[in-house]
Amino acid sequence: MKAILEDANRNNYAVMAMNSVNMEMARAAIEAAEEEHSAIIVQFGKGQMQTLAHKEEMLPMIKEMAEKVHVPVCINLDHGSDFELIVDCINAGFTNVMFDGSSLPYEENVRQTAIIAALAHGAGCSVEGELGHVGQADAAEDTNEDLYTKPEMAVDFVERTGIDALAVAVGTAHGAYPKGKIPKLDFERLHQLKAATKMPLVLHGGSGSGSENIIKAVAGGINKINVCTDAFEVGKEALLKAAQEGKNYMQMCAAAEKAVKEFAKNYMRLIGSSGRFTFETVDNGSKE
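Residues numbered from 1 in each chain as written. Predicted model: local features only at pLDDT ≥ 70, side-chain atom pairs only at ≥ 80, totals over all residues. Heavy atoms only, no water.

**Here's the deal with the sheet that holds strand 2 (residues 40-45)**
Phase 1: As summarised here, the arrangement of the eight strands in space is 1-2-3-4-5-6-7-8, forming a closed barrel in which the pairing is parallel. Averaged over all pairs of adjacent strands, the angle between their axes in this sheet comes to 25°, without regard to strand direction.
Phase 2: Sheet analysis places strand 7 (residues 201-203) next to strand 8 (residues 222-227), joined by three bridges and oriented parallel. Its bridge partner being in strand 8, Leu 201 is matched across the sheet by Ile 222.
Phase 3: On the sheet, helix 6 (residues 106-122) packs against strand 4 (96-99) and strand 5 (126-131) and is oriented at approximately 170° with respect to strand 5.
Phase 4: Against the sheet, helix 8 (residues 187-197) engages strand 6 (165-168), strand 7 and strand 8, with an angle of about 150° to strand 7. (Pairing = 2+ DSSP bridges. Helix = DSSP H or I, 4+ residues; strand = E, 2+ residues; numbered from the N terminus. Axes fitted to C-alpha atoms, helices over the stretch in contact; angles between N-to-C directions. Contact = heavy atoms within 4.5 Å.)

Below, the structure is given as structure tokens:
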């Protein structure tokens, strides 16, 4: 992921990191990237592994699909906090791990993140850390400025941990926002964080943030955007529609995959990653 995000950082665009918990979602993400000439980050976390996305099955499948396309594909452990699981993922061949020590006291977050960075870098794996805390939308934690990332701390954190990308808290939250709510992002803080760190920044809780916020966040220095809830919702709606039309299980899965793929392609155009990995001249439709 380090190489993917360094290019995004140099060229002022963002890469989609889509939580993909089965074959259909992973294939939708990778095929969307191939068709859009875009990089893609396929990811899932501990809870998703326990429920459906078993890494022993998902990793070989994603690697095989990645080897057939002509764009960069990263497989990322999302929100890792368990030491043994993180090391297992590094050893298994994940190309990035995200260590989330954001709920820890600052010095402990620094200490544990630095340990993970040293382990991962020795194995050729990059690392994303988090400073500040991206909370939960249903608890309205997006409005709690005490959880936001402080620019002066970010510089110290990056220098002492050696991470390759920094997840920041600037007003988004995980999960679904209350109906009709669009979060208010602190773009001034984001600009300060970018100017201070000059490194790839990550926006968690991208779902439900609204296209205008996403475009402004990319312009402000975000280079990786995590998308989970929106992708799940697109797949669910396609499944329900297919079921209402009397489709069988295979047809329902195919409908969900097609819908998620189109969603991913449109998102890549929105964040400016389309057309980055081709010699052709491509209009990616970005509003940057």
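**Digging into unusual backbone geometry**
Phase 1: Even without being glycine, His 79 reaches a positive phi, approximately 50°.
Phase 2: The residue His 79 is located in strand 3 (residues 73-80) in this model.
Phase 3: Positive phi is not limited to glycine here, since Lys 198 has a value of about 55°.
Phase 4: Locating Lys 198 in the fold gives a position in the loop between helix 8 and strand 7.
Phase 5: Using a relative accessible area of 62% as the deciding quantity, one classes Lys 198 as exposed. (Buried < 20%, exposed > 50% of the residue type's maximum accessible area, 1.4 Å probe, protein only.)

**Considerations on the nonpolar core**
Phase 1: Among the nonpolar cores identified, the biggest contains 67 residues, and Met 16, Ile 62, Val 97, Leu 166 and Ile 225 are the most heavily contacted of them.
Phase 2: Ranked by residues supplied to this core, first place goes to helix 2 (residues 23-36) with seven residues.
Phase 3: Not counting chain neighbours up to four residues away, the residues in contact with Ile 225 comprise Ala 14, Val 15, Met 16, Ala 17, Leu 203, Gly 206, Ile 214, Val 218, Tyr 267 and Ile 271. (Core = buried A, V, L, I, M, F, W, Y, C linked by side-chain atoms within 4.5 Å.)

**A look at the packing of aromatic side chains**
Phase 1: Inspection of every chain in the model, using the stated rule, returns three aromatic pairs.
Phase 2: Here the aromatic rings of Phe 44 and Phe 94 are separated by 5.8 Å at their centres, their planes lie at 80°, and the arrangement is edge-to-face. Separated by 50 residues along the polypeptide, Phe 44 in strand 2 and Phe 94 in the loop between helix 5 (83-92) and strand 4 bring together distant segments of the chain. Across this residue pair, the class does not change: Phe 44 and Phe 94 are buried.
Phase 3: Consider the rings of Tyr 106 and Phe 157, whose centres lie 6.3 Å apart with planes at 45°: the pair is tilted. Here the residue Tyr 106 occupies a position in helix 6, and Phe 157 occupies one in helix 7 (residues 151-161), the gap between them amounting to 51 residues.
Phase 4: Note on Phe 157: relative accessible area 0%, which makes it buried. (Phe/Tyr/Trp six-rings, centres within 6.5 Å; stacked < 30°, edge-to-face > 60°.)

**Let's talk about the pattern of salt bridges**
Phase 1: As enumerated under the stated definition, the model contains 16 salt bridges in all.
Phase 2: The salt bridge partner of Lys 55 is Glu 56, with a shortest N-O separation of 3.1 Å.
Phase 3: For Lys 55, a relative accessible area of 14% corresponds to the buried category.
Phase 4: Accessibility expressed as a relative area gives 57% for Glu 56, which makes it exposed.
Phase 5: Notably, a salt bridge pairs Glu 128 with Lys 224, separated by 2.8 Å at the nearest N-O pair. Here Glu 128 is found in strand 5, whereas its partner Lys 224 is found in strand 8, with 96 residues between them in sequence. Of the two residues, Glu 128 and Lys 224, neither departs from the other in class, the shared state being buried.
Phase 6: One connected set of salt bridges, linked through shared partners, spans Glu 31, Glu 35, Lys 261 and Lys 265. (Salt bridge = Lys/Arg side-chain N within 4 Å of Asp/Glu carboxyl O.)

**A look at a nonpolar patch on the surface**
Phase 1: A cluster of nonpolar side chains, Phe 83, Ile 115 and Leu 119, forms an exposed patch at the surface whose accessible area comes to about 260 Å².
Phase 2: With respect to the secondary-structure elements, Leu 119 resides in helix 6. (Patch = residues over 30% accessible without salt bridge, like charges linked within 9 Å, V, L, I, M, F, W, Y side chains within 5 Å. Areas by Shrake-Rupley, 256 points an atom, 1.4 Å probe, with all protein chains shown as cover.)

Shape descriptors only; they carry no functional weight alone.
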